[in-house]
Amino acid sequence: MLHFIQMFSRASSKMLKYPFTVGLGTSRKIETLSLKTCLQQNFSPLFLRPWPFSSFPLCVSKTRYYHTSPCSFKKQKQEVLPARPPKTTTYLPDSPKPALYITLAGLIPFVAPPLVMVMTKTYIPVLAFTQMAYGASFLSFLGGIRWGFALPEGSPAKPDFLNLANSIAPVVFSWFAFLISERLNEAIVMVIIGLGIALHIEFFLLPHYPNWFKALRIVVTLVAFLSFVITLLVKGIYPEKGPKRPGKVE
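All values derive from a computational prediction rather than experimental measurement.

What counts, and where the lines are drawn
- Residues numbered from 1 in each chain as written.
- Predicted model: local features only at pLDDT ≥ 70, side-chain atom pairs only at ≥ 80, totals over all residues.
- Heavy atoms only, no water.
- Salt bridge = Lys/Arg side-chain N within 4 Å of Asp/Glu carboxyl O.
- Helix = DSSP H or I, 4+ residues; strand = E, 2+ residues; numbered from the N terminus.
- Buried < 20%, exposed > 50% of the residue type's maximum accessible area, 1.4 Å probe, protein only.
- Core = buried A, V, L, I, M, F, W, Y, C linked by side-chain atoms within 4.5 Å.
- Contact = heavy atoms within 4.5 Å.
- Patch = residues over 30% accessible without salt bridge, like charges linked within 9 Å, V, L, I, M, F, W, Y side chains within 5 Å.
- Areas by Shrake-Rupley, 256 points an atom, 1.4 Å probe, with all protein chains shown as cover.
- Axes fitted to C-alpha atoms, helices over the stretch in contact; angles between N-to-C directions.
- Parallel < 35°, antiparallel > 145°, perpendicular 65-115°, else oblique.
- Left-handed = near helix turned anticlockwise from the far one by under 90°.
- Phe/Tyr/Trp six-rings, centres within 6.5 Å; stacked < 30°, edge-to-face > 60°.

A. The pattern of salt bridges, seen in detail. Enumeration over the complete set of coordinates arrives at 1 salt bridge. The partner of Glu-202 in a salt bridge is Arg-217, with the nearest N and O atoms 2.6 Å apart. In this pair, Glu-202 sits in helix α8 (residues 184-205) while Arg-217 sits in helix α9 (residues 211-237), placing the two residues 15 residues apart along the sequence. The exposure classification of Glu-202 matches that of Arg-217, with both residues buried.

This is the structure we're talking about:
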């Protein structure tokens, strides 16, 4: 009897060593597998069908394996983002010295009139008119620069309708500012609009100028814009004094 119990325990451990799942229609496979296991162990197949509910599926839990190897914490390679292009104003020191000095000197007619009016606490129409006239002349100068840049052979800007026609836009604003110069405030506003449109054309529609020249254009446009705004503010704050036009007696 003891020998019989030992053989039965060996057969049971042998069957549990290979876990599997049995469905409803696989009862014959269970018997065949059990018979083969019993014969290998010299065990009598008298107890092959001891199951009270043989029609139900025999579910044996599957063996789960866990990964126990040490984790390798390797640094992932970070994606190298493309470097941002430097700002245009950073190219200002690269400007040729003559161009830089002449441009800075050309800002004096923009800055001097509002500076004098602020210091004297008086709105002087003659100074405002000279400032407007200089701004309008500067607009015409910008149009001429575009023609001179597009005409030489080998220039990146071709002398086509796009370049030459857009260079006329600042001249039109300059002409219109002189045309309405009797209304000085409207003339100053027209010059400001012309400067903004000229800068937009040169940066986005016709981007062929060198970077140092673009930096100079940004500085000149900002200084001119601020000087005109200060002149308009001075007119609304301080009293007016002096003739409205050069050569006119008050």
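Here the narrative resumes.
B. Region of interest: unusual backbone geometry. In this model, Lys-121 sits at a positive phi of 55 degrees, which is unusual for a non-glycine residue. Here Lys-121 lies in the loop between α4 (108-120) and α5 (125-150). Relative accessible area serves as the criterion here: at 54%, Lys-121 is assigned to the exposed category.

C. Representation of the nonpolar core within the structure. Ranked by internal contacts, the top residues of the largest apolar core, which has 26 residues, are Met-132, Leu-184, Val-191, Leu-195 and Phe-228. The set of elements that each furnish at least two residues to this core consists of α4, α5, α7 (169-179), α8 and α9. The greatest single-element share of this core, amounting to 8 residues, is contributed by α8. The contacts of Phe-228, once residues within four sequence positions are left out, are Phe-110, Gln-131, Met-132, Gly-135, Ile-188, Val-191, Ile-192 and Leu-195. Core analysis: the second largest hydrophobic core is formed by 6 residues, Phe-149, Ala-150, Leu-164 and Phe-213 among them.

D. Local environment of the environment of Leu-216. Relative to the helices and strands, Leu-216 is located in helix α9. Separated by 117 residues in sequence, Leu-216 and Ala-99 place their C-alpha atoms 8.8 Å apart. Excluding residues within four positions of it along the chain, Leu-216 makes contact with Leu-92, Ser-95, Ala-99, Leu-100 and Thr-103.

E. Spotlight on a nonpolar patch on the surface. On the surface, Trp-147, Leu-151, Ile-168, Val-171, Val-172, Trp-175, Phe-176 and Leu-179 cluster together into a nonpolar patch covering about 740 Å² of accessible area. With 5 residues, the top contributor of residues to the nonpolar patch is α7. Summarising the element assignment, Val-172 is placed in helix α7.

F. View of the environment of Ala-177. Within the secondary structure layout, Ala-177 lies in helix α7. Look past the residues within four positions of Ala-177 in its chain and what remains in contact with it is Met-132, Ala-136, Ala-187, Met-190 and Val-191.

G. Focus on the packing of α5 against α7. α7 packs onto α5 with a crossing angle of 155 degrees between their chain directions and a minimal axis gap of 7 Å. As far as their axial angle goes, α7 and α5 are roughly antiparallel. Where α5 crosses over α7, the two elements pack in a sense that is left-handed. Packed against α5, whose contacting residues are Met-132, Ala-133, Ala-136, Ser-137, Leu-139, Ser-140 and Gly-143, the element α7 presents Pro-170, Val-171, Phe-173, Ser-174, Ala-177 and Phe-178 at the interface.

H. Representation of the side chain of Ser-174. Assignment of secondary structure puts Ser-174 in helix α7. Judged by its relative accessible area of 3%, Ser-174 falls in the buried class. With residues near it in sequence (within four places) discarded, Ser-174 still touches Ala-136, Ser-137, Leu-139 and Ser-140.

I. Summary view of the packing of aromatic side chains. According to the stated counting rule, one finds 8 aromatic pairs in the structure shown. Taken together, a centroid distance of 6.0 Å and an interplanar angle of 85 degrees make the contact between Phe-110 and Phe-138 edge-to-face. One end of the pair, Phe-110, is in helix α4; the other, Phe-138, is in helix α5, and 28 residues separate them in sequence. In this structure, Phe-110 and Phe-138 share a single accessibility class: buried.

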